[in-house]
Amino acid sequence: MLNEPVRYSPAVEDVQPEEARTIEALCETFDTILERTAQDSGHAVRAVHAKAHGILEGTMAIAPGLPPELAQGLFATPGEHRVYMRLSTNAGDILPDAVSLPRGVAIKVLDAPGERLAGAEGTAQDFIMVNGPVFQAKTAEAFHSSLKLLAKTTDRAESLKVAASTVLRGVNKALQAVGIESTTVAALGGAPNVDPLGETYYSVTPFRYGDHIAKFSLAPVAASLTALTGREIDASGRPDAIRETVQAEMRDREAVWAFRVQLCRDLERQPVEDPTVAWNEDEAPFQTVATITVRPQDSWDADRVKAVDEGMRFGVWTGLAAHRPLGNINRARNAPYRHSAEFRQRFNGCPIHEPAGKR
């Protein structure tokens, strides 16, 4: 018997007095990454998830007849929304794909009606996810400590990173064989070099879900995608192997994902402030509230890449008040993500904008 979903209230968050100082330090570390990559390449990229492997355009269909606890916020009204999806890996510099890192997907759902979060431009709702259920650090301060170490290696010693990644992949597989998952080893280059189209993605951090609290997930459901789950890509001698693979696969297949919601049912067992804790799916199951369909297309179409990869930003604080980001890590993602977008806009001379609404 499942517990009833926990009701949202501002009291579920525990804001610490040092958070503002940590956020300022994160912006400074982002600057180190942003400035180094921009100076070396002559072009500014994102401070995290810099390299995109595919830009897709599709449709989100919100399911009709959802029960009241699921019919919340964006998902309260059945219907279709145009979406953009950006597939990426998590480094802040553009690395050859032989350096295997965790996968990410950023989703921008257009024409999301309702009250906006403070400072949220446009009318879209963004979701950002990675292919693992937990975050690597409990707090923004701990995340900043690891980011400072990574910043020192940004845009440096590329060949060493490739060699280290090969070793770390072996370490990770050995750990997995005895039932150990290491987010640290994966983040350093030991993640399996999997096809991003077959992966299941997780928001990792919690969000307000209207009257409730939830985490989000995107899971492949079309056979054309599940056939790719766990399939590793050989990137030897192919710096853009993932992009090339996704481009070849999306030319002739229809991709369908389930967009899922995991409602918090016990604040002790499904904490808001600790994203290193996976919410047990037996106690808090994922439930499908929408599907995303992407028809065959060129996933590296030059015009779409320019419009989305160069001209847009994705951030968890772009969206509805009904899906307010919750917890220490989410609170620390607001200013640095905007800071990164503003740097790109300034350095590249390319305005960052929210997409227009219905066409």
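For the structure itself, consult the block above.
Predicted model only: the values in this text are computed from it and were never measured.

Caption draft 1: Layout of the pattern of salt bridges. By the definition in use, this model includes 16 salt bridges. Lys51 serves as the salt-bridge partner of Asp97, at 3.0 Å between the closest nitrogen and oxygen. Here the residue Asp97 occupies a position in the loop between β2 (79–89) and β3 (103–109), and Lys51 occupies one in the loop between α1 (19–41) and β1 (52–62), the gap between them amounting to 46 residues. Per residue, the accessibility class of Asp97 equals that of Lys51, and both read buried. The salt bridge involving Arg304 is made with Glu57; its shortest N-O contact spans 3.8 Å. Of this pair, Arg304 sits in helix α7 (residues 302–310) while Glu57 is found in strand β1, placing the two residues 247 residues apart along the sequence. For Arg304, a relative accessible area of 15% puts it in the buried group. Look at the salt bridges and you will find they share partners, linking Glu13, Glu19, Glu273 and Arg331 into a network.

Caption draft 2: Examining the side chain of Gln262 more closely. Tracing the backbone through its elements, the reader meets Gln262 in strand β8 (residues 255–263). Using a relative accessible area of 2% as the deciding quantity, one classes Gln262 as buried. Among the polar contacts made by the side chain of Gln262, one reaches the main-chain carbonyl oxygen of Trp279 at a distance of 2.9 Å. Not counting residues within four places of it along the chain, the set of residues in contact with Gln262 comprises Ile213, Ala214, Lys215, Trp279, Asn280, Glu281, Ala284, Pro285 and Phe286.

Caption draft 3: Geometry of the environment of Pro285. Residue placement: Pro285 occurs in the loop between β8 and β9 (286–294). In this structure, the C-alpha to C-alpha distance between Pro285 and Leu263, residues 22 residues apart in sequence, is 7.5 Å.

Caption draft 4: Just the packing of aromatic side chains, in detail. Applying the stated criterion across every chain, the model contains 10 aromatic pairs. Note on Phe207 and Phe216: the rings are 5.4 Å apart at their centroids and 35° apart in plane angle, and the pair reads as tilted. For the residue pair Phe207 and Phe216, the accessibility class agrees, reading buried in each case. Every member of this aromatic cluster is reached through a ring pair, and the members are Phe75, Phe127, Phe207, Tyr209, Phe216 and Phe259. When the ring centre of Phe314 is taken as origin, the NZ or CZ atom of Lys108, which lies over that ring, is 5.0 Å away. The ring of Trp300 carries the charged tip of Arg243 above its face, separated from the ring centre by 3.9 Å.

Reading the values: the criteria
Residues numbered from 1 in each chain as written. Predicted model: local features only at pLDDT ≥ 70, side-chain atom pairs only at ≥ 80, totals over all residues. Heavy atoms only, no water. Salt bridge = Lys/Arg side-chain N within 4 Å of Asp/Glu carboxyl O. Helix = DSSP H or I, 4+ residues; strand = E, 2+ residues; numbered from the N terminus. Buried < 20%, exposed > 50% of the residue type's maximum accessible area, 1.4 Å probe, protein only. Polar contact = N/O pair within 3.5 Å; in protein donor to acceptor, adjacent residues only side chain to side chain. Contact = heavy atoms within 4.5 Å. Phe/Tyr/Trp six-rings, centres within 6.5 Å; stacked < 30°, edge-to-face > 60°. Lys NZ or Arg CZ within 6 Å of the ring centre and 35° of its normal.

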